[in-house]
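# Understanding the architecture of this molecule
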Amino acid sequence: MLFLTFVLGVVLNAIGYIPPGNINLTVVQISITRGIRQAYAFIIAFASVEVFFTFCIMRFVQWLSSEFKFGEVIDVFMIIMFSVLGVITWRSRKEMPKAETSNRDSIKYGMLLGVLNPMQLPYWLFVGTYLIAHEWIEIGNVSLIIFSIGSGIGAGLALYGFSHFARYIQEKFDLSSYIISKSIAFLFLGLGAYHVGKLVYVHLIK
């Protein structure tokens, strides 16, 4: 049972990081502009925080889903986050020397985004509620710890794949960090615009 719990944590969280979002796009940017070693430092720091993040969400998932409506709050937060990331990425789109940043900077950045990770909140509220309701995992501390460790590993594996895919694309098509950073900036701003449109539709059109 514990092995199944671990595997579910790995697989489900890896799937959760496949759609474009602030975390995997940040990994792509770091891989291109700072190098693969700093991408690894970011991923390890982020995945470590993800273990604690998942445990907290799974521990309180039923209470959170019944007491609060996070949808609109998360949309507003994502608008702010994607806008800020988009502007920062756009302003730093020119190629910068890799020596200006260190592994320690990437570790701190990974830990920060591990804490400020609202996109995963609705995902785990939905998936966590389903898993617990259908008794796929137990809600004891040992089971949730195993599940959370698997979740951290799943996030790390997914982001590891993104980092190497980014390097492959850059080398395959001979793209500069300027072009890639510019494209990522547009993606961030586009995701922010999506959440703006979602709120406008819900409150003014629907």
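Relevant structure appears above.
These numbers come from a predicted model, not from an experiment.

### As for the environment of T129
Along the chain, T129 turns up in helix α6 (residues 120-133). Residue class for T129 comes out partly exposed when judged on its relative accessible area of 28%. Residues T129 and F60 lie 69 residues apart in sequence; the distance between their C-alpha atoms is 10.0 Å.

### Let's talk about the packing of helix α1 (residues 2-16) against α6
Taken N-terminus to C-terminus, the directions of α1 and α6 make an angle of 145°; their axes are 11 Å apart at the nearest point. Every pair of crossing elements has a handedness; the one defined by α1 and α6 is right-handed. Residues L8, L12, N13, I15 and G16 of α1 lie in contact with α6, whose contacting residues are Q120, Y123, W124, V127 and L131. In terms of residue class, the contact of α1 with α6 is made up of seven nonpolar, three polar and no charged.

### Some words on the packing of aromatic side chains
One pass over the structure, following the stated rule, counts four aromatic pairs. Ring centres of Y17 and F46 lie 5.7 Å apart, and the angle between their planes is 85°; this geometry places the pair in the edge-to-face category. Here F46 lies in helix α3 (residues 36-67) and Y17 lies in the loop between α1 and α2 (22-33), a separation of 29 residues in the sequence. Exposure remark for F46: the relative accessible area of 0% places this residue in the buried category. Pairing Y40 with Y160 gives two aromatic rings, centres 5.8 Å apart and planes at 15°, and the pair type is stacked. In this pair, Y40 sits in helix α3 while Y160 sits in helix α7 (residues 141-173), placing the two residues 120 residues apart along the sequence.

Rules used throughout
- Residues numbered from 1 in each chain as written.
- Predicted model: local features only at pLDDT ≥ 70, side-chain atom pairs only at ≥ 80, totals over all residues.
- Heavy atoms only, no water.
- Helix = DSSP H or I, 4+ residues; strand = E, 2+ residues; numbered from the N terminus.
- Buried < 20%, exposed > 50% of the residue type's maximum accessible area, 1.4 Å probe, protein only.
- Axes fitted to C-alpha atoms, helices over the stretch in contact; angles between N-to-C directions.
- Left-handed = near helix turned anticlockwise from the far one by under 90°.
- Contact = heavy atoms within 4.5 Å.
- Nonpolar A, V, L, I, M, F, W, Y, C, P; charged D, E, K, R; others polar.
- Phe/Tyr/Trp six-rings, centres within 6.5 Å; stacked < 30°, edge-to-face > 60°.

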